[in-house]
Amino acid sequence: MRDPSAPRWRRRLPVPAALAAATAVVLLVNPASAVVPAAERPVELVRVADEEANVVEVLLAGTAQLDALVATGVDLDHHVTRTENGVVAHAVVTASEAAALTRAGFTLGEVLHRPADARARIAEREATIAGHAAQNREFAAATRGPVASAASDVKIIRADYYTSGTSQILSVEAKWAQGQTAADALTVERDSGPGTEIGSGGTQTISRFVDAGVYLYHRGAAPVTSRPDRVRITSPTGDVAVAQVREWLPTPGDDPEGPGYQKDFVTSYLTPTELYARIHQLAAEFPRLAEIVELPHRTNGYRRHAQAVLGAAADSRVAVDSLAWGHEGGNDISVELADPGTADTPLSVTVAGPAVRVTLGTDGAGAVTSTAAQVVAALNARAGTLVRAYTYRGSAGAGMVAPAARTPLSDGLSAPASVSRDPHPVYAIRIGKHRDGSKLGVLAYAQEHAREWVPPLVTVETAERLLRNYAHDGRTRQLLDNLDIWIAPSINPDGGHYSFYDFNSQRKNMTNHCPTTGAADFLARNSWGVDNNRNYTEYSLFDGYSGASASCTSGTYAGPSELSEPENRNLDWLASRPNIRFSMNLHSSGNYFMWSPGAYALPGRVSAPRPTLAEESAFWGASSRILAAIKRHRNMAVTPARTGPISDVLYSAAGNSGDMLWYRYGIYAWNFEVGTSFQPEWDEAHAETLEFANGLVELMRVARDFAQDRTRPRSTLAVAQSATPGMVDVTFSTSEPAAVFYTLDRAAPTYASTLYGSAGIREGGETLTVPAGSRIHWFSVDSAGNVENNYRPDGNGRNYRKGTAVLPAG
Ligand SMILES: [Zn+2]
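Residues numbered from 1 in each chain as written. Predicted model: local features only at pLDDT ≥ 70, side-chain atom pairs only at ≥ 80, totals over all residues. Heavy atoms only, no water.

**Some points on the sheet that holds strand β30 (residues 715-721)**
Thought 1: Pairing within the open sheet is antiparallel, and its 3 strands lie in the order β30-β31-β34. Looking along the sheet, the strands with just one partner apiece sit at the ends: β30 and β34 (768-771). Strand-to-strand twist across the sheet, computed as the mean angle between neighbouring axes with direction ignored, equals 35°.
Thought 2: Direction of pairing for strand β31 (residues 727-734) relative to β34: antiparallel, over a ladder of 4 bridges. The partner of V728 across the bridge, within β34, is V770. (Pairing = 2+ DSSP bridges. Helix = DSSP H or I, 4+ residues; strand = E, 2+ residues; numbered from the N terminus. Axes fitted to C-alpha atoms, helices over the stretch in contact; angles between N-to-C directions.)

**Regarding the packing of helix α5 (residues 272-285) against helix α9 (residues 493-501)**
Thought 1: Contact pair α5 / α9: the axes reach a minimum separation of 8 Å and the direction vectors enclose 125°. The angle between α5 and α9 places the two elements in the oblique class. Across from P272, T273 and Y276 in α5, the residues of α9 making contact are P493, G496, H497 and F500.
Thought 2: Broken down by class, the residue content of the contact of α5 with α9 amounts to 4 nonpolar, 3 polar and no charged. (Parallel < 35°, antiparallel > 145°, perpendicular 65-115°, else oblique. Contact = heavy atoms within 4.5 Å. Nonpolar A, V, L, I, M, F, W, Y, C, P; charged D, E, K, R; others polar.)

**Observations concerning the environment of Y536**
Thought 1: Following the sequence through the fold, Y536 ends up in the loop between α9 and α10 (566-575).
Thought 2: Judged by its relative accessible area of 0%, Y536 falls in the buried class.
Thought 3: In sequence terms Y536 and E565 are 29 residues apart; their C-alpha atoms lie 9.3 Å from each other.
Thought 4: If sequence neighbours within four positions are ignored, Y536 has contacts with E448, E562, L563, N568, L571, G655, N656, S657 and M660. (Buried < 20%, exposed > 50% of the residue type's maximum accessible area, 1.4 Å probe, protein only.)

**A few points about helix α7 (residues 454-468)**
Thought 1: Across its 15 residues, α7 extends 21 Å between first and last C-alpha, which sits within 8% of the 21 Å expected from 1.5 Å per residue.
Thought 2: Counting buried residues along α7, 14 of its 15 residues qualify, which places the element largely inside the surrounding structure. (Expected span 1.5 Å × (residues − 1).)

**Quick word on unusual backbone geometry**
Thought 1: The omega torsion across S588 and S589 is 10°, close enough to zero to call that bond cis.
Thought 2: For S589, the position within the fold is in the loop between β24 (580-587) and β25 (592-595).
Thought 3: P597 follows S596 through a cis peptide bond whose omega is 5°.
Thought 4: Checked against the element boundaries, P597 lands in the loop between β25 and β26 (600-601).

**Focus on the state of the cysteines**
Thought 1: With the rule as written, the count across this model stands at 1 disulfide.
Thought 2: Paired by a disulfide, C514 and C552 hold their sulfur atoms 2.1 Å apart. Given an S-S torsion of about 110°, the disulfide between C514 and C552 has right-handed geometry. Pair noted here: C514 is in the loop between α9 and α10 and C552 is in the loop between α9 and α10, with a separation of 38 residues, a long-range link. (Disulfide = S-S within 2.5 Å.)

**Description of the pairing of β24**
Thought 1: Burial within β24 is extensive, with 8 of its 8 residues counted as buried.
Thought 2: Strand direction decides the pairing type here: strand β22 (residues 440-446) and β24, joined by 6 bridges, are parallel. Bridged to V442 within β24 is F582.
Thought 3: Judged from the 6 bridges that link them, β24 and strand β29 (residues 668-673) form a sheet pairing that is parallel. When the sheet's bridge partners are listed, N585 is paired in β29 with N671.

**Structural notes on the nonpolar core**
Thought 1: Among the nonpolar cores identified, the biggest contains 97 residues, and I429, F582 and W670 are the most heavily contacted of them.
Thought 2: No other element matches helix α14 (residues 682-707), which puts 10 residues into this core.
Thought 3: Once residues within four sequence positions are removed from consideration, W670 is found in contact with F582, S583, M584, N585, F593, M594, W595, F619, A622, S623 and L699.
Thought 4: Within the second largest apolar cluster, 24 residues are counted, among which are L310, L337, V376 and A389. (Core = buried A, V, L, I, M, F, W, Y, C linked by side-chain atoms within 4.5 Å.)

**Topic: the coordination of the zinc ion**
Thought 1: Around the zinc ion, the protein supplies H449 (ND1), E452 (OE), E452 (OE) and H587 (ND1) as donor atoms, at distances of 2.0 to 2.6 Å.
Thought 2: Every donor counted, the 4 donor atoms about the zinc ion form angles of 56 to 138° at the centre, which fits irregular coordination.
Thought 3: Written as a sequence motif, the donor arrangement for the zinc ion is H-x2-E-x134-H. Highlighted residues: H449 in the loop between β22 and α7 and H587 in strand β24, separated in sequence by 138 residues.
Thought 4: On the accessibility criterion, H587 (3% relative accessible area) is buried. (Donors = N, O, S within 2.8 Å, 3.2 Å for Na, K, Ca; no water. Tetrahedral: all angles 85-135°; square planar, octahedral: opposite > 155°, others 65-115°.)

Next up, the structure:
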């Protein structure tokens, strides 16, 4: 079904060196000899002249040690933070200074910034500017010519008027040839309606949108008191552009919800357990229209090992984990570090049931002499069937252990027993009269990110609307009779449960990929997990793309490898159902509506391939329908500035699911960022649920129309005067989103012929400059595969479109 000429792009880039360096974590640990308190040892810092300096964390036990650090004369920046473990300062030190500090007993943490990082930033900036200069030259060349925009260095891309709530807004986007290097804002003059003077409606300014050092365009929105008809921008060099104002998301005349249409089925936030119960209940109530599908992979489970960290200073800490899961006995285990109170006692460990008691070693005076490393070794030797012990975050464990009272290990999980601790099944509800793969498939999925509580509600509200209106609403029946709809309300149930019961800001899944030499201990438990929306296969961190992290505690941790997580393999399985052509990935928040590309590589902001002009217009066309449906609920307009490719309007997100669905599976894949926050007040959450369910139902209508599209596109060739003597400027337009393939050598056009392209980001079709009198042969084809004039583009058909590139008479 997919346009056979469109390649399934797949590129692998090496990880840029700068990226690898920025994500590396270097831990410098104390040598075993550095047990004398730092303040007692004078230290002399000598900076070797040609050594480079890094910004490095210094981990301090408290203010006294901070004072000792200051006394060394080390180059501290202004950063000093107090943590539960002491004080962290940032020092600018060379390798030999770092070694001197370490010898003096200071613990150095992560290297935060290296000279190479700064060099990479600078190289990136220079590459970017050079690249953009070339783009600007092309742009300047493209906008030259005797037509309306004659030689103008400014071009208005969009001018959108819309209402939102009770406001009227004008949003303008424009591209200025000097935008990369000059920081000027642009002034937009408005008229006050058809036939009025430009300027009579007032002015507004729009400012540069720069991402990763690259100027994209100018944009801005301002309230207006009436609907302007035209706007004008005069660039700082005196060039002028004028554009017609369009209405963004006008209210469609046709209300898709007929009389008796039922909706508003969700009355509270729902945990993943409750979401799954809800779709099971719906499938049981409508067995002829729906079924539950358990996806092939169970999660790793809402469960953890029971843990404790004993001790205060990093090098004297002992971390202990149960071998059993917390709920399977780990939570019953306790560890005590007992001071025997007698001289010359050897270090020993006794185990009585789940109670582990360490008797610390003492010297002849009765003082404790056991180090953390010694206690760790003793625990692993004598209690190794119950627990695993390790020193703290890669420390050598040279510090003397402090006695500790009996400390219970804990998995730190507080959900009620009704939340399963086992690897969790992940469910989707499959809705449609014919669920045999013969109908066009649509996929909606939510809660890749655990803390986003509204998006799952949008999916169950939508499922219930489809099922409860089928019997009496003809338009709903049209959808279920012609589509195969898959709705997965919670992709990440473990993280979801954790967000509800333990840590509401949880974003990722619950899987701990941190090593025991890193952040595997109990204190880091709220930072573990893989970002399920960074673990997919296309344009990922592992391919060298930006916007995901290799650190196991980062909010955007991409995981150890692509599709390492069961949640992600489940979505990959769903996307590989061969009939699925449309999808919606529901997130929150921000009221965005986005599609691919969702990632770029640095330096240079090298984007994943952009959709073709025809695909881009199909995205925009469906978007305006979906967003108008959302707006119908309470006049909330998703703005033009928040509509478009993820990497154009938000940021780069390497390895996100939308990109996998689009690039790997050819699915028209959209992303909602629902609402205003992750867990808004219920009244707001309820309204967001209803308005975005409108949008999701409209996606089903878009898909149904696509499935039933038998209309052949029509195309038009327009010829305008060129600035170059003997040449003319040619553009194509189509009656619906459609690809145009053309030849200039009198050959019959095929899918291998040149594809008519886009003029640039968020712009329309390109302008082709060809010799006057050229013969042009072409045809158009829509994304459902309908070809203009029923032409067969195999090189044998003759009923393609033909034209001559001559200026129209007059
Ligand atoms: Zn999200």
